[in-house]
Amino acid sequence: MVYKFRVILDAEEDIFRDIAILQEDTLEDLHNAIVNAFGFDGMEVASFYTCDATWNQEDEIPMFDAGDVPGENKIMSDYKLVDILNTENTKIIYVYDFINMWTFLVELAAVEDAVEIDVIYPNLLFSHGEMPAEAMEKHFQSDFEEDETYNEFEDDLDQDDLDSFGTDDSFEDFGFEENWN
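Because the structure is a prediction, the values reported are computed rather than measured.

(A) Structural context of the overall build of the protein. From N to C terminus, the protein includes three helices and seven strands. Put simply, the protein runs from its N terminus to its C terminus through helices and strands in the order β-β-α-β-β-α-β-β-β-α. Scored against the burial criterion, the 181 residues of the protein give a buried share of 30%. Here the analysis covers contacts within the protein between residues at least 6 apart in sequence; of these, 62% occur between residues at least 24 apart. For the protein, the accessible surface area stands at approximately 12700 Å², while carbon and sulfur atoms represent 46% of it.

Set out below in structure tokens:
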């Protein structure tokens, strides 16, 4: 079977590539196809991320095992496409170059029989839009809505408290002597 993906750059303009690849190929093969389709040199580290139906990022699938125990973590080459993506689970996120954070939304658009004998996979089917010179700037936001009156680093000390630390007896309240070390 052939998987047909639409790989969309997370950018303001519509920039995407349609890629056909065999379902038995690995995520590493898909990574290489994306790198080639978008014209990257392939010298940067990348990862795939599983996600839910609304593109919320879940588990990372890296290029290399960076764990403490070699072989402990699964990497791109360990996952066949058919094992991770199917008609029910069609979405995955791809990030290339963790400095520039080129982010792509990868969606399985179709699963078809391989009918053409002379086609070499992966195959770039369609290309739309030109890559910008730089990745789009990311604005990360936490789940915690910060109240303007709250600062997690703020404490209850005021200037009077700080001024009192300069006196000789200021450390006695804390239970240790002035020259404790």
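(B) Representation of the pattern of salt bridges in the model. Evaluated as defined, the whole model comprises three salt bridges. D18 is the partner of R6 in a salt bridge, and the nearest nitrogen-oxygen pair spans 2.7 Å. Of the two residues, R6 sits in strand β1 (residues 2-9) while D18 sits in strand β2 (residues 16-22), which places them 12 residues apart along the sequence. Judged by relative accessible area, which is 32%, R6 ranks as partly exposed. Relative accessible area serves as the criterion here: at 14%, D18 is assigned to the buried category.

(C) Region of the structure containing a nonpolar patch on the surface. Taken together, the side chains of V45, F64 and F98 present a nonpolar region at the surface, about 280 Å² in accessible area. With respect to the helices, strands and loops of the structure, F64 is situated in the loop between β4 (57-62) and α2 (81-84). For F64, a relative accessible area of 54% corresponds to the exposed category.

(D) Local environment of the side chain of S47. Along the chain, the position of S47 falls in strand β3 (residues 46-51). Here E60 takes part through its side chain, which lies 2.7 Å from a polar atom of the side chain of S47.

(E) Summary view of the environment of D41. Here D41 lies in the loop between α1 (27-38) and β3. Looking at D41, the relative accessible area reads 58%, which means it is exposed. Of the polar contacts made by the side chain of D41, one reaches the backbone nitrogen of M43; its length is 2.9 Å.

(F) Inspection of the packing of aromatic side chains at higher detail. Enumeration over the complete set of coordinates arrives at eight aromatic pairs. When the centroid spacing of 6.1 Å and the interplanar angle of 80° are considered together, the rings of F40 and F104 count as edge-to-face. With F40 in the loop between α1 and β3 and F104 in strand β6 (residues 102-112), this pair connects stretches of sequence that are 64 residues apart. Site record: aromatic cluster; members linked through ring pairs are F38, F40, F48, Y94, Y96, W102 and F104. The residue whose ring lies beneath K74 is Y79, and the NZ or CZ to ring-centre distance is 4.7 Å.

(G) Layout of α1. In a regular helix each residue adds 1.5 Å, so 12 residues correspond to 16 Å; α1 covers 16 Å between its end C-alpha atoms and thus fits that length. Within two residues after α1, G39 carries a phi angle of roughly 80°, on the positive side.

(H) A look at the sheet that holds β3. Reading across from one edge, β4-β3-β5-β6-β1-β2-β7 is the order of the seven strands in this open sheet, with antiparallel pairing throughout. The open sheet has two free edges, formed respectively by β4 and β7 (123-128), since each of these has just one partner strand. Between one strand axis and the next, the sheet turns through 25° on average, direction left out of account. The pairing of β2 with β7 spans five bridges and is antiparallel. Residue F16 lies in a different strand from β7, and its bridge partner there is H128.

About the cut-offs
- In every chain, residue numbers begin from 1 and rise along the written sequence.
- For this predicted model, a pLDDT threshold of at least 70 governs which residues receive local features, and a threshold of 80 or more governs which side-chain atom pairs are given and counted, while totals over whole chains, interfaces and linings are taken from all residues.
- Hydrogens and water molecules were not included; the side-chain quantities draw on all heavy atoms of the structure.
- Strands are runs of DSSP state E lasting at least 2 residues, helices are runs of H or I lasting at least 4, and numbering of each runs from the N terminus.
- With a 1.4 Å probe rolled over the protein chains alone, any residue whose accessible area is under 20% of its type maximum counts as buried; one over 50% counts as exposed, and the rest are partly exposed.
- We call two residues in contact when some of their heavy atoms are within 4.5 Å.
- Reported accessibility uses the Shrake-Rupley method at a 1.4 Å probe radius. Residues are deemed covered only where the shown protein chains occlude them.
- Criterion for a salt bridge: a side-chain nitrogen of Lys or Arg within 4 Å of a carboxyl oxygen of Asp or Glu.
- Patch members must show over 30% relative accessible area and no salt bridge, and they are joined within 9 Å when carrying like charges or within 5 Å when they are nonpolar side chains of Val, Leu, Ile, Met, Phe, Trp or Tyr.
- Here a polar contact is recorded for every N or O atom pair within 3.5 Å, except that within protein the pair must consist of a potential hydrogen donor and a potential acceptor, and residues adjacent in sequence are included only if both atoms are side-chain atoms.
- Only the six-membered ring of Trp is used, alongside the rings of Phe and Tyr, when aromatic pairs are assigned; centres must lie within 6.5 Å, and planes under 30 degrees apart are stacked while those over 60 apart are edge-to-face, with the rest tilted.
- To sit over a ring, a charge needs its Lys NZ or Arg CZ within 6 Å of the ring centre and within 35 degrees of the ring normal.
- Each helix should span, by expectation, one fewer than its residue count multiplied by 1.5 Å.
- Being paired, for any two strands, means DSSP has found at least two bridges between them.
- Where helices are involved, their axes are fitted lines through C-alpha atoms of the stretch in contact, as for all axes, and angles between N-to-C directions lie from 0 to 180°.

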